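Residue-level listing of the chains:
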Amino acid sequence: LILGMLCGDSFFFATMEFYAAILGTFILPKTLQNSTVLISAVNKHEYVYASEENCILKESTEIQYQLLEKHLVLARGAKYLLNNTVDQRPLEWFQKQYLNRLISRGMANVNGRVQQEKLITEFVNYYGEEFLNNVNSMVSNNYEFNWLSSLVRKPRKSMHPIRHLLLTEFLGMTIDELFKEEYQYKPFGEGPWLCLNAGAEHYKQPVITDLKIRYDSKKKKPIGTFKCSCGFVYARQGPDMVKEDRYKIGRIKEFGKVWETKLGELIIQNLSLREIAKRLNVDPMTVKKYANKLGLIMVTQEATRIPPVEIRDTKNKPIENVRATNREKWLELIGNYPDKSKTELRQLNKGLYAWLYRNDKKWLNINSPSKKPALVENNRVNWGERDKEILLKVKETVEEMLSYEGKPERITVSRVGKKIGKLGLLEKHLNKLPQTKEFFGNYVENLQDFRTRKINWAIKELIAEGKELKEWRIVRKARLRLNTHRS
């Protein structure tokens, strides 16, 4: 049965499953066990045979049937790597491959931040603790710097191939995909994407090539911003789950010149407000808002009709006549309201201002009220009093951090500033707070001071737990990184 299974014979494999179901456990060949023979013996060429005296045998050394398939997956992966030539890739390649898969599975955001607890929990549930212990690859949420987290972070060292195979299988990748196909997370599918500008001739056509993706930390979703060459810009939340999602608009950021031109054409046709809104795929209030913005003043008749725009009668007149008339109107407006600013005059006659701005901007700027200087209120700060207030808060916070019985926090200006809600003040104006600055000079920790305090805390914790003080226990408890300057 074993031979047939290892040879890939499906009949033997099915038979093995049948007998395993009856017996409950399938007895496989004994696994390799530890011994008392040192690998660093004096004579490394000496032959030492296995015996009952030098072998450390466990009560049960068989592989349980339910773990067999998981071991076979690793075996097949190892066989493939040994018998095939694969492309040489830098460590960053694998980290990027893993990260993009994690993003697509909802265990990391589009900015590359991995949900470590969720990843470790699902990984352990997928394989089981017994199997991971068998292959010396157990991970835990209690230890931040485990091998699984290292694989999906910026690579600093190489990792055993077995662990790459474990993560590859967990993420549903083949070895070929891992080495040959650069996987990219595309929450909105392949481009080009649809332009949803109802005022454009290419409405609902795939013409957009400019897409920017950001991560919404509140909704935990990617947000895509689509920008078309026609000037229309819209955004929506992803990822797209069905084909119909491509036609959704979350928010319109810019309508663009093409849409605005179409709006003007529809207004001139004297269509109803609702009809214009329907044709442009917006609500009636948006039609009103942008008509006013463009100087197309609308006065509704019977609440549904839009009369011709105010300056329509001048359409066929020489531009010089129109310019002269509108200049006179603008100067008359200034004369009637001499105390009002340019912005306030604009609100009184938006259509007039819009025409002059588009067709006679230089004259408009010269013949408009100059900008009034802003009144600056003199709110002088009593830095001496503020120094005393901030110093009191800083002292209380530092004392709390030093007396805290849990995992230590490093005392820095920025961390204390965040805790008291004065980070910006301390970063920009610490030199104006001499007493507070002097206090920080005595208590701010460098990396070595902080490492020492963490080690002392770890020793006290281990003693309280009744555990023997060993270097590896102290390092793990204090969460230190060996052979590096970082803590």
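Please read these numbers as outputs of a predicted model, since none were measured by experiment. (Residues numbered from 1 in each chain as written. Predicted model: local features only at pLDDT ≥ 70, side-chain atom pairs only at ≥ 80, totals over all residues. Heavy atoms only, no water.)

**Student:** Can you help me understand the overall build of the protein chain in this one?
**Tutor:** Scanning the protein chain for helices and strands turns up 22 helices and six strands. Across the 487 residues that make up the protein chain, the buried fraction comes to 34%. Nonlocal contacts in the protein chain, meaning residues at least 24 apart in sequence, comprise 56% of its contacts between residues at least 6 apart. For the protein chain, the computed accessible surface area is about 32,400 Å², with 50% contributed by carbon and sulfur atoms. (Helix = DSSP H or I, 4+ residues; strand = E, 2+ residues; numbered from the N terminus. Buried < 20%, exposed > 50% of the residue type's maximum accessible area, 1.4 Å probe, protein only. Contact = heavy atoms within 4.5 Å. Areas by Shrake-Rupley, 256 points an atom, 1.4 Å probe, with all protein chains shown as cover.)

**Student:** How should the state of the cysteines be read in this particular structure?
**Tutor:** Here a disulfide denotes one covalent bond, and it connects the sulfur atoms of two cysteines. Taken as a whole and assessed by the stated rule, the structure comprises zero disulfides. Cysteine Cys 195 remains unbridged, with the sulfur of Cys 228 as its closest cysteine sulfur at 3.6 Å. Owing to a relative accessible area of 0%, Cys 195 belongs among the buried residues under this scheme. (Disulfide = S-S within 2.5 Å.)

**Student:** Even after reading the chapter, I still don't get the pattern of salt bridges, so can you show me in this structure?
**Tutor:** Side-chain pairs of opposite charge can arise whenever the charged atoms involved come near each other. All told, the structure shown has 11 salt bridges when counted by the stated rule. Between Lys 248 and Asp 245 there is a salt bridge, with its nearest N and O atoms 3.0 Å apart. Among the residues examined, Lys 248 registers a relative accessible area of 48% and is labelled partly exposed. Arg 453 is the salt-bridge partner of Glu 445, the closest N and O atoms lying 2.6 Å from each other. Exposure class is identical for Glu 445 and Arg 453. Each is buried. Linked through salt bridges whose partners overlap, the residues forming this network are Arg 323, Arg 327 and Asp 360. (Salt bridge = Lys/Arg side-chain N within 4 Å of Asp/Glu carboxyl O.)

**Student:** How do you make sense of the nonpolar core when you look at a structure like this?
**Tutor:** The biggest cluster of nonpolar side chains holds 34 residues, and the ones touching the most others in it are Phe 123 and Leu 166. Those elements that provide at least two residues to this core are helix H3 (65–83), helix H4 (91–104), helix H5 (116–127), helix H6 (129–134), helix H7 (147–152), helix H8 (161–170) and helix H9 (175–180). In terms of residue count, H4 provides more of this core than any other element does, six residues in total. Those residues within four positions of Phe 123 in sequence are excluded, and the remaining contacts are Leu 132, Val 139, Trp 147, Leu 148, Leu 166, Leu 167 and Phe 170. Counting 26 residues, the second-largest nonpolar core is a separate cluster that includes Cys 228, Trp 259, Leu 266 and Val 287. (Core = buried A, V, L, I, M, F, W, Y, C linked by side-chain atoms within 4.5 Å.)

**Student:** Which parts of the structure should I look at to understand the packing of aromatic side chains?
**Tutor:** Any pair of aromatic rings gets described here by the distance separating the centres and the angle formed by the planes. Throughout the structure, instances matching the rule amount to 18 aromatic pairs. With 5.6 Å between their ring centres and 75 degrees between their planes, Tyr 126 and Phe 170 make a pair best called edge-to-face. Here Tyr 126, found in helix H5, pairs with Phe 170, found in helix H8; they are 44 residues apart in sequence, far enough to count as distant. For Tyr 126, a relative accessible area of 38% corresponds to the partly exposed category. With a centroid separation of 6.0 Å and an interplanar angle of 20 degrees, the aromatic rings of Tyr 353 and Tyr 357 are classed as stacked. (Phe/Tyr/Trp six-rings, centres within 6.5 Å; stacked < 30°, edge-to-face > 60°.)

**Student:** How should I be thinking about unusual backbone geometry in this particular structure?
**Tutor:** Negative phi values dominate among residues other than glycine, just as trans dominates among peptide bonds. Of note, Asn 136 is a non-glycine position whose phi angle comes to about 55 degrees, a positive value. With respect to the helices and strands, Asn 136 occurs in the loop between H6 and H7. Take Asn 136: its relative accessible area is 60%, and that puts it in the exposed class. Even without being a glycine, Asn 281 presents a positive backbone phi close to 60 degrees. Considering the arrangement of structural elements, one finds Asn 281 in the loop between helix H11 (273–279) and helix H12 (284–293).

**Student:** Would you take a moment to explain empty space enclosed by the protein for this structure?
**Tutor:** Regions of empty space are outlined by a rolling probe, equal in size to a water molecule, passed over the atoms. Following the criterion strictly, the structure yields one cavity of 30 Å³ or more and no others. The computed volume of the largest cavity comes to approximately 30 Å³. Lining the largest cavity are Leu 196, Ala 198, Phe 232, Ile 249, Ile 252, Phe 255, Trp 259, Leu 280, Asn 281 and Val 282. A class-by-class count of the residues in the lining of the largest cavity yields nine nonpolar, one polar and no charged. (1 Å grid on protein atoms, 1.4 Å probe; cavity = no way out; pocket = protein on both sides within 12 Å on 5 of 7 lines; lining within 4 Å. Points joined across faces, edges and corners; volume = space filled by probe spheres on them. Nonpolar A, V, L, I, M, F, W, Y, C, P; charged D, E, K, R; others polar.)

**Student:** Teacher, can you tell me more about the side chain of Thr 168 here?
**Tutor:** Along the chain, the position of Thr 168 falls in helix H8. Judged by relative accessible area, which is 3%, Thr 168 ranks as buried. When sequence neighbours within four positions are dropped, the list of residues in contact with Thr 168 reads Tyr 98, Met 173, Thr 174 and Leu 178.

**Student:** How should I be thinking about the environment of Lys 470 in this particular structure?
**Tutor:** Counting through the fold element by element, Lys 470 comes out in the loop between helix H21 (447–464) and helix H22 (471–478). A C-alpha to C-alpha distance of 9.4 Å links Lys 470 and Ile 459, two positions 11 residues apart in sequence.

**Student:** Can you help me understand helix H17 (residues 383–403) in this one?
**Tutor:** Residues lying three or four places apart along an α-helix face the same way, a consequence of the helix completing one turn every 3.6 residues. Under the 1.5 Å per step criterion, the end-to-end length of H17 is 30 Å for 21 residues, consistent within 8% with the ideal 30 Å. Among the residues making up H17, those that are buried are Asp 387, Ile 390, Leu 391, Val 394, Thr 397, Val 398 and Met 401. What you see down the axis of H17 is that its buried residues fit within an arc of 145 degrees, all on one side. Relative to its buried face, H17 has exposed residues pointing more than 90 degrees away, namely Glu 389, Leu 392, Glu 399, Glu 400 and Ser 403. As for H17, its buried residues are in contact with helix H18 (413–420), helix H19 (423–429), helix H20 (434–443) and H21. By the N-cap criterion, in which a side-chain oxygen at the helix start approaches the backbone nitrogen of a residue two or three places on, H17 is capped by Asn 382, the distance to Gly 384 being 3.2 Å. (Expected span 1.5 Å × (residues − 1). Arc of directions from axis to C-beta. Polar contact = N/O pair within 3.5 Å; in protein donor to acceptor, adjacent residues only side chain to side chain.)

**Student:** Looking at this structure, I do not really get the confidence of the model for the protein chain. What am I missing?
**Tutor:** Interpretation of the predicted coordinates at a detailed level should be avoided for regions scoring low in pLDDT. With 81% of its residues at a pLDDT of 70 or more, the protein chain has an overall mean of 78. Low confidence marks residues 1–27, where pLDDT is under 50. Its contacts with residues over four positions away, or in another chain, come to 28 contacts. (pLDDT = per-residue confidence, 0-100.)

**Student:** What is the right way to read the environment of Asp 339 from this model?
**Tutor:** By the secondary structure assignment, Asp 339 is in the loop between helix H13 (319–336) and helix H14 (342–348). With a relative accessible area of 65%, Asp 339 lands in the exposed category. Considering only alpha carbons, one finds Asp 339 and Pro 369, 30 residues apart in sequence, at a separation of 8.8 Å.

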